[in-house]
Amino acid sequence: MGKHDEEGQAVFALTDGHCAYCGASLAFWGEWHLEHVVPRSREGKWKGNLVPACTRCNFRKGVLLPSEFRRWIPCGLRKQIEHMLPAVESLCELLSATDAEAVLTHLEDALCRMENTTVTFYSDDLLREIEDKFFHGG
Ligand SMILES: [Zn+2]
């Protein structure tokens, strides 16, 4: 099946043309992916296992299950922020002391929030349902 055939259209319609994870609007003739909720490599080969996803989510989720992806996101975001720290620190050197302090406070707040984040996907119920089928059958 392809994303532009009848089955692809049905998958696209599942989320009304949004990425099942981040909720981004997708253009049917544009760039989006038929995403395997349960990865193919983990026996996710049945038809009801597909949702539409944007490139970024599809790429980041990789071979994870939705529940694993959900747990990965705060940690992945945290790593990205930590990656940015040296750049932010040099930026702060250029700012006034008060501005630099404000920037660092925001960053610290963001890092704290990451740790307590529960990620809810755009099509959370659908994704849970599909993953449940995988674990419990039927
Ligand atoms: Zn997305």
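This one's a predicted model, so the numbers in the text were calculated from it and none came from an experiment.

Some thoughts on helix H3 (residues 66-94)
And step 1. For H3, which comprises 29 residues, the first-to-last C-alpha distance of 41 Å matches the rise-based estimate of 42 Å (1.5 Å per residue) to within 8%.
And step 2. For H3, the full list of buried residues reads Pro66, Phe69, Arg70 and Ile73.
And step 3. Tucked into the core, H3 has its buried residues touching helix H2 (55-61) and helix H5 (124-136).

Points about the confidence of the model for the protein
Close inspection of predicted coordinates is inappropriate for parts of the model with low pLDDT.
And step 1. Averaged over every residue, the pLDDT of the protein is 90; residues scoring 70 or more account for 99%.
And step 2. Averaged pLDDT values over the elements of the protein bottom out at 84 in helix H4 (residues 97-115) and peak at 97 in strand S2 (residues 50-53).

Things to note about the nonpolar core
And step 1. Core analysis: the largest hydrophobic core is formed by 17 residues, its most contacted members being Cys19, Ala20, Tyr21, Val51, Ala53, Cys54 and Leu127.
And step 2. Secondary structure elements with two or more residues in this core: helix H1 (6-14), S2 and H5.
And step 3. Per-element accounting of this core gives the leading share, 3 residues, to S2.

Brief notes about unusual backbone geometry
And step 1. The phi angle at Asp16 is positive, at roughly 55°, despite the residue not being glycine.
And step 2. Following the sequence through the fold, Asp16 ends up in the loop between H1 and strand S1 (33-36).

Considerations on the packing of H3 against H4
And step 1. Viewed as axis vectors pointing N to C, H3 and H4 meet at an angle of 170°, and their least axial separation amounts to 10 Å. Judged by the inter-axis angle, H3 sits roughly antiparallel to H4. In contact with Pro74, Leu77, Arg78, Ile81, Val88 and Cys92 of H3, H4 contributes Ala100, Val103, Leu104, Leu107, Ala110, Leu111, Met114 and Glu115.
And step 2. Residue composition of the contact of H3 with H4, by class: 12 nonpolar, no polar and 2 charged.

So, the environment of Ile81
And step 1. On the secondary structure map, Ile81 appears in helix H3.
And step 2. Along the primary structure Ile81 and Leu91 are separated by 10 residues, whereas in three dimensions their C-alpha atoms are 14 Å apart.
And step 3. Setting aside residues up to four positions removed in sequence, Ile81 forms contacts with Leu107, Ala110 and Leu111.

Re the environment of Ile130
And step 1. With respect to the helices and strands, the residue Ile130 is situated in helix H5.
And step 2. Looking at Ile130, the number of C-beta atoms within 10 Å reads 22, which means it is buried.
And step 3. Along the backbone, Ile130 and Glu82 are 48 residues apart, and their C-alpha atoms lie at a distance of 33 Å.
And step 4. Non-local contacts of Ile130, meaning those with residues more than four positions away in its chain, are made with Val37, Val38, Gly48 and Asn49.

Scoring rules and cut-offs
- Residues numbered from 1 in each chain as written.
- Predicted model: local features only at pLDDT ≥ 70, side-chain atom pairs only at ≥ 80, totals over all residues.
- Helix = DSSP H or I, 4+ residues; strand = E, 2+ residues; numbered from the N terminus.
- Expected span 1.5 Å × (residues − 1).
- Buried ≥ 20, exposed ≤ 12 C-beta atoms within 10 Å, placed from the backbone.
- Contact = placed C-beta atoms within 7 Å.
- pLDDT = per-residue confidence, 0-100.
- Core = buried A, V, L, I, M, F, W, Y, C linked by C-beta atoms within 7 Å.
- Axes fitted to C-alpha atoms, helices over the stretch in contact; angles between N-to-C directions.
- Parallel < 35°, antiparallel > 145°, perpendicular 65-115°, else oblique.
- Nonpolar A, V, L, I, M, F, W, Y, C, P; charged D, E, K, R; others polar.

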